[in-house]
Amino acid sequence: MALLFLCDGEDADVWSAALRAEIDDLDIRVWPVGVGDPHDIDVALTWQPPRGVLASFPNLKAILSLGAGVEHILRDPELPPGVPVVRLIDPGLKSGMVEFVTMEVLAHHRRVSEYRAQQAAGEWRLLRQTLSRDRRVGILGMGHLGTACGEVLGRFGFPVAGWSRSEKDIPGIESFSGEDGLFALLERTDVLVCLLPLTPETEDILDATTLGALPPGAALINAARGMHVVDDDLINLLDSRHLSGATLDVYREEPLPPHHPFWTHPKIVMYPHAAAWTLPESASPVIADNIRRTRTGQKCIGQVDTRRGY
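One structure accompanies this document, and this report is about it. These numbers come from a predicted model, not from an experiment.

## A closer look at the layout of surface pockets
And then number 1: One number sums up the size of the second largest pocket: a volume of about 550 Å³.
And then number 2: Forming the walls of the second largest pocket are 29 residues, and the residues nearest its centre are His-108, Arg-111, Ser-113, Glu-114 and Ser-244.
And then number 3: Mapped by element, the contributors of at least two residues to the lining of the second largest pocket are helix H3 (91-109), helix H4 (112-121), strand E10 (218-222) and strand E11 (243-248).
And then number 4: Considering each element in turn, the lining of the second largest pocket owes the most residues, 5 residues, to H4.
And then number 5: Among the residues forming the lining of the second largest pocket, the class breakdown is 11 nonpolar, 9 polar and 9 charged.

So, in structure tokens, the structure goes:
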């Protein structure tokens, strides 16, 4: 039995050392040059696998994502049927996302971009402050990451609400679900945080209609996937002053093309998909546990419903 490391651009040596620190006799094969006999592979650890590659391993028992998302796996039309697909539930990735979302909610709350613009213009002017209890935060996607972010933001005093496919019961967080619930959440939200999985149902969910349902002066933080946002609609709502600003960590095309209007828009703060990294020191114990679970016939932690996409 062998683990296939199918992650182009990732440091295979670093990951191999970290995983062998958890399972000392782990046989790791690195795609494409070190695979050996494809019949040996029983688990694949992957990020953005090329189309059809996973189907070439006949004894595959689990496909583990090297990140929280799995759409990069599920979009393969040749994905081997019946093989469990597993998202990464990593404490380091969670803490990174909580830090990022909290930082950006606070930045919008305290009007940091406006102060930086005033500094650049040599302008000394106080901007009105708002109490945290009067700044309503809405989170789209109340899974592992959304719940963690909501709990921390609640401790800052922000009224937090979350929207998900089905209603949740999370102490201190108001729950919304379904299409009607989506617009009810948007109408009461001053800072909207998108942490949704990318599925056919959520693609383009942040368009002129949904973003336009936010109160005037609201802000957007997207740390999920770029395909959630209709770029032109976001720009139009910023230019019309319906939205006060946006923080974007993800984009429809990455790296973002050099002439894309996001680069120079004065109300957009950009990050290069840097909100939360998958780090070997925190993720390897989780991955190793799922390798053991696969080989002992147990269900993996983070196994997704491939029909739903999460």
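## Here we look at the pattern of salt bridges
And then number 1: Scanning the entire structure with this criterion turns up 12 salt bridges.
And then number 2: Through salt bridges with shared partners, a single network forms among Asp-27, Arg-29 and Asp-40.

## As for helix H8 (residues 231-239)
And then number 1: Those residues of H8 not exposed but buried are Asp-231, Leu-234, Ile-235, Leu-237 and Leu-238. One side of H8 carries all its buried residues, which in axial view fall inside an arc of 165°. Along H8, exposed side chains directed more than 90 degrees from the buried face belong to Asp-232 and Asp-239.
And then number 2: With its phi angle positive at about 70°, Arg-241 sits one or two positions after the end of H8.

## Some details on the packing of aromatic side chains
A ring pair, where both rings are aromatic, is described by two values, the distance of the centres and the angle of the planes.
And then number 1: Using the criterion set out here, one finds 2 aromatic pairs in the structure.
And then number 2: Summarising the aromatic geometry, the rings of Phe-100 and Tyr-271 are spaced 5.0 Å apart at their centres and angled 80° between planes, so their arrangement reads as edge-to-face. With Phe-100 in helix H3 and Tyr-271 in the loop between strand E12 (268-270) and helix H9 (280-295), the pair connects residues that are 171 residues apart, well separated along the chain.

Conventions used here
- Residues numbered from 1 in each chain as written.
- Predicted model: local features only at pLDDT ≥ 70, side-chain atom pairs only at ≥ 80, totals over all residues.
- Heavy atoms only, no water.
- 1 Å grid on protein atoms, 1.4 Å probe; cavity = no way out; pocket = protein on both sides within 12 Å on 5 of 7 lines; lining within 4 Å.
- Points joined across faces, edges and corners; volume = space filled by probe spheres on them.
- Helix = DSSP H or I, 4+ residues; strand = E, 2+ residues; numbered from the N terminus.
- Nonpolar A, V, L, I, M, F, W, Y, C, P; charged D, E, K, R; others polar.
- Salt bridge = Lys/Arg side-chain N within 4 Å of Asp/Glu carboxyl O.
- Buried < 20%, exposed > 50% of the residue type's maximum accessible area, 1.4 Å probe, protein only.
- Arc of directions from axis to C-beta.
- Phe/Tyr/Trp six-rings, centres within 6.5 Å; stacked < 30°, edge-to-face > 60°.

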